[in-house]
Amino acid sequence: MSHETGGADTAQDDEHVVLGRLTSPYGVKGWLKVYSYTSPIEGIFEHAEWVLSKRGERRACKLSQGRPHGKGLVASLEGISSRELAEQWAGADILLPKQALPALAPGDYYWYQLEGLQVETLDGECLGQVNYLFETGANDVLVIRPSEASLDERERLLPFLPDDVIRQVDLDAGRMIVDWDPEF
């Protein structure tokens, strides 16, 4: 499973996925600190064409340079050559057209594809919908929030373990079948 996805409250839409965010200016030459949602975090630099989104305004940019800095990342973008311009774009989401994402092997999914899927047990009981995912040391975890169709109002955390917990993902039907006891 690939971790290129959007964060919780982002500018993501049907045609773009959020790869990260520009957080603050770095230096005086227009560089910006980057918070990456990709795994590994440097994976954001594999995409040279970014769309910046801030307060409804969008701008296409090309990545000039990107590098690790401390525990984070910094980047230089074409057309942003001063600290003042960098300040204007600090806080912007970094979008990528979904069509630019690399194709995945069968059975692999981007996180954004799983968000919103209805989750049902093998017995057909609805547990709710995938709200978001997060990474742990052992495996990724699905956060399942209750929906109108769910059997109760409980939020559940399910490990993303294909063939063990996750039995079927049907993106076309918008549903995931899991081997999970609703009592957990």
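Our structure is the block above this text.
(A) Up close: a negative patch on the surface. On the surface, Asp123, Glu125, Asp181 and Glu183 cluster together to form a negatively charged patch. Examined against the element boundaries, Glu183 turns out to sit in the segment after strand E12 (175–178). Judged by relative accessible area, Glu183 falls into the exposed class, the value being 65%.

(B) Region of interest: unusual backbone geometry. Phi angles above zero are rare outside glycine, and Arg55 is one such case at about 50°. In this fold, Arg55 is placed in the loop between strand E3 (49–54) and strand E4 (57–69). Its identity is not glycine, yet Asp163 carries a phi of approximately 70°, on the positive side. You can see Asp163 is positioned in the loop between strand E10 (156–159) and strand E11 (166–170). The exposure class of Asp163 is exposed, given its relative accessible area of 69%.

(C) The sheet that holds E4, seen in detail. In space, the 6 strands of this closed barrel follow the order E1-E2-E5-E4-E3-E6, with antiparallel pairing throughout. With direction set aside, neighbouring strand axes in the sheet form an average angle of 50°. Both E4 and strand E5 (residues 72–77) contribute to a ladder of 6 bridges, which runs antiparallel. Residue pairing for E5: Gln65 is matched across the bridge by Ser76.

(D) Here's a closer look at a nonpolar patch on the surface. Residues Tyr132, Phe134 and Leu157 make up a contiguous nonpolar surface patch of about 250 Å² in total accessible area. Among the structural elements, Phe134 can be located in strand E8 (residues 126–135).

(E) Local environment of the side chain of Lys54. Relative to the helices and strands, Lys54 resides in strand E3. It is Glu57 that comes nearest to the buried, bridge-free Lys54 among opposite-charge side chains, at 8.3 Å.

(F) The arrangement of the pattern of salt bridges in detail. Applying the stated criterion to the full structure yields 7 salt bridges. With a shortest N-O distance of 3.7 Å, Arg175 and Glu120 are connected by a salt bridge. One end of the pair, Arg175, is in strand E12; the other, Glu120, is in strand E7 (residues 118–121), and 55 residues separate them in sequence. Here Arg167 makes a salt bridge to Asp179, at a shortest N to O gap of 2.9 Å. Of the two residues, Arg167 sits in strand E11 while Asp179 sits in the segment after E12, which places them 12 residues apart along the sequence. Using a relative accessible area of 43% as the deciding quantity, one classes Arg167 as partly exposed.

(G) Inspection of the environment of Val28 at higher detail. Within the secondary structure, Val28 sits in the loop between strand E1 (16–26) and strand E2 (31–36). Between the C-alpha atoms of Val28 and Ser82, which are 54 residues apart in sequence, the distance is 5.9 Å. Aside from chain neighbours lying at most four places away, what touches Val28 is Ser81, Ser82 and Arg83.

(H) Quick peek at the environment of Ser36. When you line up the elements, Ser36 lands in strand E2. Taking the C-alpha atoms as reference, Ser36 lies 9.3 Å from Val18; in sequence the two are 18 residues apart. Polar side-chain contacts of Ser36 include one of 2.7 Å to the side chain of Thr38. Within the structure, Ser36 has its side chain in polar contact with the backbone oxygen of Ile41 (distance 2.9 Å).

So, how was this worked out
- Residues numbered from 1 in each chain as written.
- Predicted model: local features only at pLDDT ≥ 70, side-chain atom pairs only at ≥ 80, totals over all residues.
- Heavy atoms only, no water.
- Patch = residues over 30% accessible without salt bridge, like charges linked within 9 Å, V, L, I, M, F, W, Y side chains within 5 Å.
- Areas by Shrake-Rupley, 256 points an atom, 1.4 Å probe, with all protein chains shown as cover.
- Salt bridge = Lys/Arg side-chain N within 4 Å of Asp/Glu carboxyl O.
- Lys, Arg positive; Asp, Glu negative; His and termini not counted.
- Charge placed at Lys NZ, Arg CZ, Asp CG, Glu CD.
- Helix = DSSP H or I, 4+ residues; strand = E, 2+ residues; numbered from the N terminus.
- Buried < 20%, exposed > 50% of the residue type's maximum accessible area, 1.4 Å probe, protein only.
- Pairing = 2+ DSSP bridges.
- Axes fitted to C-alpha atoms, helices over the stretch in contact; angles between N-to-C directions.
- Contact = heavy atoms within 4.5 Å.
- Polar contact = N/O pair within 3.5 Å; in protein donor to acceptor, adjacent residues only side chain to side chain.

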